[in-house]
Amino acid sequence: MSTERRNSNRRVVAARIRLGVPRADGRRAGERDRQVHFVSLPTDQPAPLVLRTLCGDPLAREATDLLDHIAGMPCVRCLARVPQAAETAQDSRRSA
């Protein structure tokens, strides 16, 4: 499966928190915290400061790596929404 699917002005990109980044609970992110989430981003604009994952979790852009391949355990909730996000992007291209 491709980690990035381009349709019109949106793309779905794999992302995960960086190792060692401080978490809200005070501890540093370890390997178990580094699920691969998916984010729908506009192709014609820079990534926002807070990335909203397909599962709804916010990720701070400066603490997140955007991936060109899946490296680690994918978030199941995000993974289930990838087809819907890709379809939404394709529908927006058709209406333009």
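Being a predicted model, the structure only gives us computed values, none of them experimental.

About the thresholds
Residues numbered from 1 in each chain as written. Predicted model: local features only at pLDDT ≥ 70, side-chain atom pairs only at ≥ 80, totals over all residues. Heavy atoms only, no water. Core = buried A, V, L, I, M, F, W, Y, C linked by side-chain atoms within 4.5 Å. Buried < 20%, exposed > 50% of the residue type's maximum accessible area, 1.4 Å probe, protein only. Helix = DSSP H or I, 4+ residues; strand = E, 2+ residues; numbered from the N terminus. Contact = heavy atoms within 4.5 Å. 1 Å grid on protein atoms, 1.4 Å probe; cavity = no way out; pocket = protein on both sides within 12 Å on 5 of 7 lines; lining within 4 Å. Points joined across faces, edges and corners; volume = space filled by probe spheres on them. Nonpolar A, V, L, I, M, F, W, Y, C, P; charged D, E, K, R; others polar. Salt bridge = Lys/Arg side-chain N within 4 Å of Asp/Glu carboxyl O.

Chemist: Looking at this model, I keep getting lost on the nonpolar core. Mind explaining?
Modeler: Residues V12, A14, V36, F38, L54, C55, L67, C75, C78, V82 and A85 constitute the largest nonpolar core, which totals eleven residues. When residues of this core are traced back to their parent elements, those giving at least two are strand 2 (10–17) and helix 1 (76–95). At three residues, helix 1 tops the list of elements feeding residues into this core. Excluding residues within four positions of it along the chain, V82 makes contact with V12, F38 and L54. In terms of nonpolar packing, the next biggest core, distinct from the first, is built from six residues, V13, V39, L51 and L59 among them.

Chemist: Explain the layout of surface pockets here, please?
Modeler: Gaps left between atoms are located by rolling a probe of water-molecule size over the structure's atoms. Roughly 310 Å³ of volume is contained in the largest pocket. In terms of lining residues, the largest pocket is bounded by 15 residues, among which I17, R23, D33, P58 and L59 are the most central. A total of three residues in the lining of the largest pocket trace back to one element, the largest contributor, which is strand 5 (residues 58–60). Among the residues making up the lining of the largest pocket, the classes are represented as nine nonpolar, two polar and four charged.

Chemist: Hey, could you run me through the side chain of H37 in this one?
Modeler: With respect to the helices, strands and loops of the structure, H37 is situated in strand 3 (residues 37–42). Discounting chain neighbours no more than four positions away, the residues touching H37 are V13, A14, A15, T53, C55, D57, L59, C75 and C78.

Chemist: Teacher, can you tell me more about the pattern of salt bridges here?
Modeler: Opposite charge on two side chains allows them to pair when their charged atoms are near. As enumerated under the stated definition, the model contains seven salt bridges in all. Between E31 and R34 there is a salt bridge, with the nearest N and O atoms lying 3.0 Å from each other. Put simply, D57 and R77 hold a salt bridge, and the shortest N to O gap is 3.4 Å. Within this pair, whereas D57 is found in the loop between strand 4 (50–52) and strand 5, its partner R77 is found in helix 1, the two being separated by 20 residues in sequence. Overall, the relative accessible area of 44% leaves R77 in the partly exposed class. One network of salt bridges, with partners in common, ties together R23, D25, R27 and D33.

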